[in-house]
Amino acid sequence: MLPSDEINTPRGPARIDTDLPSRPARALLVLGHGAGGSVDAPDLLAVRDAAVEAGLVVARVTQPYRVAGRRAPAPAGHLDEAWTAVLTVLRERHADVPTVLVGGRSSGARVACRTARAVGAAGVLALAFPLHPPGRPERSRAAELDTGLPTLVVNGDRDPFGTPEPGPTVQVVTRPGETHDLRRDPAGTAAVVRTWLRARGWASA
């Protein structure tokens, strides 16, 4: 793992934690955190470990509002603006890596979906995608998943935020016994992600 560093964005500095594989990377996977959470969430750490072992560079991005010590999330437009600025720098840093993948958990997954095409991503990983606010299924966010890019959604079957339906480019894996935090079996969630990466040719092992 490289030391944490910061990237300046129009919304303040974002913190970046980067882990490198032991061999030339096939892809760069950039991950964002949940609204009030951190990049050290169990599912994000498990996915990081599996992806690095499979030959990917993994960069975990802490949004500027969290770097500043705030728990309440910034508006969606601010999140997307900061994320896009970070991706521009990360693509330059890892210009030798042929493929960029974006993702995250919950709010971070939504940001990744909304900006995926703008940042030139080849695919999207959505952990605990919050389909709707709890108890409000009429406020669906399913349209955010409609990027046209290969997308993997991993949600728990007990998630009060709901679970999206699969689509032409969207694969949905429902994890039994898991809630929104996906804490029960992080290794199992990471194994699902690694299988998807292998199937798409983005993992070397």
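The rules behind the values
- Throughout, residues of each chain are indexed from 1 in the direction in which the sequence is written.
- Selection of residues for local features in this predicted model requires a pLDDT of at least 70, selection of side-chain atom pairs for listing and counting requires 80 or more, and totals for whole chains, interfaces and linings are taken over all residues.
- Side-chain metrics rest on all non-hydrogen atoms present in the structure, leaving aside hydrogens and water.
- Any carboxyl oxygen of Asp or Glu that lies within 4 Å of a side-chain nitrogen of Lys or Arg is treated as forming a salt bridge with it.
- Helix and strand assignments follow DSSP, with helices taken as H or I runs no shorter than four residues and strands as E runs no shorter than two, numbered in order from the N terminus.
- Partly exposed describes any residue whose relative accessible area lies between the buried limit of under 20% and the exposed limit of over 50%, with all areas from a 1.4 Å probe on protein chains only and scaled to the type maximum.
- Any two strands with at least two DSSP-identified bridges between them are counted as paired.
- Angles run from 0 to 180 degrees between N-to-C directions of axes, and those axes are lines fitted to C-alpha atoms, restricted for helices to the stretch in contact.
- In this description, contact between two residues means that some pair of their heavy atoms is separated by no more than 4.5 Å.

K.L.:
I keep staring at the pattern of salt bridges and nothing clicks. Help me out?
P.N.:
Proximity of charged atoms lets side chains of opposite charge pair with each other. On inspection of all chains with the given rule, the structure shows 14 salt bridges. One salt bridge connects Arg175 with Asp185, and the closest N-O pair in it is separated by 2.7 Å. Placement of the pair is Arg175 in strand β8 (residues 170-175) and Asp185 in the loop between β8 and α5 (186-199), with a sequence separation of ten residues. For Arg175, a relative accessible area of 12% gives the class buried. For Asp181, the salt bridge goes to Arg183, with nearest N and O atoms at 3.8 Å.

K.L.:
Got a minute to help me understand the sheet that holds strand β6 (residues 123-127) in this structure?
P.N.:
Hydrogen bonds between backbone atoms are what pair the strands of a sheet, whose relative direction is either parallel or antiparallel. Read across the sheet, eight strands follow the order β1-β2-β4-β3-β5-β6-β7-β8 without closing on themselves; strand pairing throughout is mixed. Taken across any chain shown, the strands that pair with only one partner, and hence form the sheet edges, are β1 (5-9) and β8. The sheet shows a mean angle of 20° between the axes of neighbouring strands, taken without regard to direction. As paired elements, strand β7 (residues 151-156) and β8 share six bridges and run parallel to each other. Counted as the bridge partner of Gly156 is Arg175 from β8. Where helix α1 (residues 42-53) meets the sheet, its contacts fall on β2 (12-19), β3 (27-32), β4 (56-62), β5 (99-105) and β6, and the angle it forms with β4 comes to roughly 155°. This element, α5, spans β4, β5, β6, β7 and β8 of the sheet and lies at about 165° to β7.

Taken by themselves, the reported measurements are silent on function.
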